[in-house]
Amino acid sequence: MPFRLTGYVLKKALEHLLVNPFLSLVTLSTITISLVILGLFGVVYLSVHQLFNQWGDEFSVTVYLQDAVSQSDVETMRSELAGWPEVDGVTYTSKAQAMAWFRSQLQDYAGILDGLKENPLPASLDLKLRPGQAGPGTVDQLVSRLRQRPGVTEVHYGQRWLARLKIFMEMVRLVGMTVGGLLLLATALVVSNTVKLTFYARQAELEIMRLVGATNAFIKAPFLIEGLLHGLGGAALAAGTLMLLSHLFLSHLHIPLRLALAPDAVLSPSFIAAFLGIGVLLGLLGSAFSLRRFLRP
Amino acid sequence: MIQIYHVFKAYTGDQYALFDVTLEVGKGDFLFLIGPSGAGKSTLLKLIFCAEQATRGQILVDGVNLQRLKPARIPYLRRKIGVVFQDFKLLGDRTAFANVALALEVLGHPHSYIDKKVRQALRLVGLEGKEQHLSRRLSGGEQQRIAIARAVAADPVLVLADEPTGNLDDEITKDILELFREINRRGTTVVVATHNRDLIDRVPGAKVAMLRQGILIAAGAREVLPFRLAADAG
């Protein structure tokens with residue numbers, strides 16, 4: 001399309017927005033509200049995910065060993081586990097060291113251990129995970145691999161909390177996807193209806209344009225751009241609202257919790273770019289849906 | 001310019017709006033398509049500018065076979081044809097200039113060219129000085145002049161007019177017909193569909209094609225058809 005046609009099409013698209021300013025405003029608000037809700041789900045999900053990773057950086061996985069495992073086997077296992085990509089370091093605690101630690105924990109009551117004929121505490125290997133390797137999938141895989149190894153009696157990790165967090169994350173994801181999907185669909189329909197109304201308002205002009213030889217693409221382009229501008233505007237407003245909300249909300253939180261959440265993710269260029277992308281796509285799809293029905297040859 | 005071979009147009013089942021019409025319009029001709037209401041005049045014009053498609057038969061316009069024309073190519077054919085309607089089809093809230101300019105804007109011409117061509121077209125139809133008047137504020141005759149200016153602004157090879165004087169009084173009808181004659185004198189083929197037979201006497205040398213109930217009952221030079229026209233009138 002020559003440059004002057006592009007200018008003409010843009011001018012027409014802007015005229016379309018002004019055909020019914022109130023309707024344009026309603027459409028813009030609908031897109032903004034939908035994307036803000038979607039964005040909030042995104043922020044919660046990203047925050048929980050971030051929390052998950054931070055916990056992972058701090059906790060270790062403890063592998064309890066059978067008494068029958070020889071020292072050389074322990075050494076082999078230790079060096080092998082230390083080589084796993086998700087493992088940052090391995091510390092060995094012998095049965096005697098475990099007992100000494102237990103004793104120190106009991107302090108004044110350590111005497112109750114004197115009656116024991118043999119040391120009931122198992123030797124163990126503590127695995128420290130590399131930062132960012134504590135996602136639910138990674139930990140589950142690691143634990144199941146460890147459990148299958150000979151000589152391992154039990155594997156302990158913060159499984160209860162992890163499992164709960166995992167369920168919560170899944171819930172946020174599912175609800176977010178369902179609600180978000182429905183919201184996006186409804187928003188696309190609103191855009192589609194707005195474009196449809198603009199189309200009706202300009203029907204006489206479009207008929208004449210066809211008569212004098214305007215191509216379908218030339219007629220469609222301003223409507224697509226109208227949808228695109230609605231989407232882009234709504235997304236920009238939504239991103240701004242989210243940034244403002246995160247700023248207002250987070251400034252009232254204590255620092256540790258603030259750090260645990262994901263304000264950086266909201267402010268990140270990729271998050272905003274994704275948001276604008278969704279907005280544009282929403283606007284374009286809404287318009288295209290209307291035009292497909294109304295510009296059938 | 002236009003070759004129509006055994007064209008049929010049916011809207012429902014065996015109800016034909018056009019039945020086996022064969023007609024040829026030469027380059028530079030002025031043709032009156034006459035017949036009473038419902039004779040098929042408008043339908044024939046619609047087929048020529050691809051607003052509808054023939055049920056059967058072949059139509060060639062400026063060498064293009066319309067039956068084989070892909071929908072995406074229709075706009076390019078329409079750029080060679082100017083169309084004028086009884087109800088003008090103008091945008092009432094736009095100026096005379098904007099209405100005519102629309103025909104050139106969709107073709108992507110530069111502003112300076114559009115400005116020149118629109119003024120030329122409005123001068124041709126006698127609306128010089130009224131470029132900035134809203135079209136709805138102008139008289140019926142003036143509105144039809146805008147429609148004619150729009151039809152000729154892009155220098156089409158063919159102008160089709162469907163009852164262009166249907167809403168106008170006798171004096172203005174004369175002026176409008178004179179405009180079509182002028183357009184024709186400049187080399188453009190003109191086809192005017194009308195139910196008003198009096199018009200054909202006002203254009204010496206015009207050809208006539210008469211339709212009745214979708215059937216072409218006579219076609220040829222005005223001068224060689226007086227008997228058939230009179231017989232039909234009787």
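None of these values were measured; they are calculated from a predicted model. (Residues numbered from 1 in each chain as written. Chains lettered and ligands numbered in written order. Predicted model: local features only at pLDDT ≥ 70, side-chain atom pairs only at ≥ 80, totals over all residues.)

**Regarding the overall build of chain A**
Regarding its fold elements, chain A presents 11 helices and four strands. A buried classification covers 29% of the 297 residues belonging to chain A. Partitioning the contacts of chain A with sequence separation of at least 6, the portion at a separation of at least 24 is 88%. (Helix = DSSP H or I, 4+ residues; strand = E, 2+ residues; numbered from the N terminus. Buried ≥ 20, exposed ≤ 12 C-beta atoms within 10 Å, placed from the backbone. Contact = placed C-beta atoms within 7 Å.)

**Structural notes on the overall build of chain B**
Tallying secondary structure elements over chain B gives seven helices and 10 strands in all. Relative to its 234 residues, chain B shows a buried fraction of 44%. A separation threshold of at least 6 residues defines the contact pool for chain B, and within that pool the share at least 24 residues apart is 67%.

**Considerations on the interface of chain A and chain B**
Note: interface size is frequently given as the accessible area lost on complex formation between the parts. Residue-level contacts link 15 residues of chain A with 15 residues of chain B. Breaking the side of chain A that touches chain B down by element, the ones donating at least two residues are helix 1 (3-19) and helix 7 (203-211) of chain A. The element contributing the most residues to the side of chain A that touches chain B is helix 7 of chain A, with five residues. The class makeup of the residues in the side of chain A that touches chain B is 11 nonpolar, two polar and two charged. (Nonpolar A, V, L, I, M, F, W, Y, C, P; charged D, E, K, R; others polar.)

**Let's talk about helix 1 (residues 41-48) of chain B**
All names here are of chain B. By the criterion of burial, helix 1 is predominantly enclosed, with six of the eight residues buried. Of the positions making up helix 1, those classed as buried are Lys41, Thr43, Leu44, Leu45, Leu47 and Ile48. Once helix 1 finishes, Cys50 follows within two positions and takes phi at roughly 65°, a positive value.

**Side note on the nonpolar core**
Formed by 109 residues in total, the largest nonpolar core has its most connected members in Leu33(B), Val100(B), Ala149(B) and Leu160(B). Discounting chain neighbours no more than four positions away, the residues touching Val100(B) are Val118(B), Ala121(B), Leu122(B), Ile146(B), Ala149(B), Arg150(B) and Ala153(B). In terms of nonpolar packing, the next biggest core, distinct from the first, is built from 15 residues, Val90(A), Leu146(A), Val155(A) and Tyr157(A) among them. (Core = buried A, V, L, I, M, F, W, Y, C linked by C-beta atoms within 7 Å.)

**Topic: the pairing of strand 1 (residues 60-65) of chain A**
Residues and elements named next belong to chain A. Burial along strand 1 is one-sided: Val61, Val63 and Leu65 are buried, and none of Ser60, Thr62 and Tyr64, which face the opposite way, are. In this sheet, strand 3 (residues 124-129) lies alongside strand 1 in antiparallel orientation, the contact comprising five bridges. Looking across to strand 3, one finds that Tyr64 is bridged to Ser124. With four bridges connecting them, strand 1 and strand 4 (residues 152-156) associate as antiparallel partners. Note on strand 4: the bridge partner recorded for Leu65 is Val152. (Pairing = 2+ DSSP bridges.)

**Thoughts on the sheet that holds strand 2 (residues 87-93) of chain A**
Residues and elements named next belong to chain A. Reading across from one edge, 2-3-1-4 is the order of the four strands in this open sheet, with antiparallel pairing throughout. Pairing within the sheet leaves two strands with one partner each, and these edge strands are strand 2 and strand 4. Shown here is a sheet whose adjacent strand axes are inclined to one another by a mean of 20°, direction ignored. Lying on the sheet, helix 3 (residues 71-82) is in contact with strand 1, strand 2 and strand 3; it crosses strand 2 at an angle near 160°. (Axes fitted to C-alpha atoms, helices over the stretch in contact; angles between N-to-C directions.)

**Things to note about helix 4 (residues 95-106) of chain A**
With 12 residues, helix 4 of chain A ought to run about 16 Å at 1.5 Å a step, and its terminal C-alpha atoms sit 17 Å apart, in line with that. Trailing helix 4 of chain A by a residue or two, Gln107(A) shows a phi angle of about 50°, which is positive. (Expected span 1.5 Å × (residues − 1).)

**So, unusual backbone geometry**
Residue and element names in this part refer to chain B. Residues other than glycine seldom take positive phi values, yet Cys50 does so here, at roughly 65°. Relative to the assigned elements, Cys50 resides in the loop between helix 1 and strand 4 (56-61). Positive phi, close to 50°, is recorded for Asp155, a residue that is not glycine. Along the chain, Asp155 turns up in the loop between helix 5 (140-152) and strand 7 (158-162).

**What to know about the sheet that holds strand 8 (residues 189-194) of chain B**
Residues and elements named next belong to chain B. Across the sheet, six strands lie side by side as 6-7-8-3-9-10; this open sheet has mixed pairing. Either end of the sheet is taken by a strand with one partner, and the two such strands are strand 6 (81-85) and strand 10 (215-221). For this sheet, the mean inter-axis angle between neighbouring strands, taken without regard to orientation, is 15°. As judged from the five bridges shared by strand 7 and strand 8, these two strands associate in the parallel manner.

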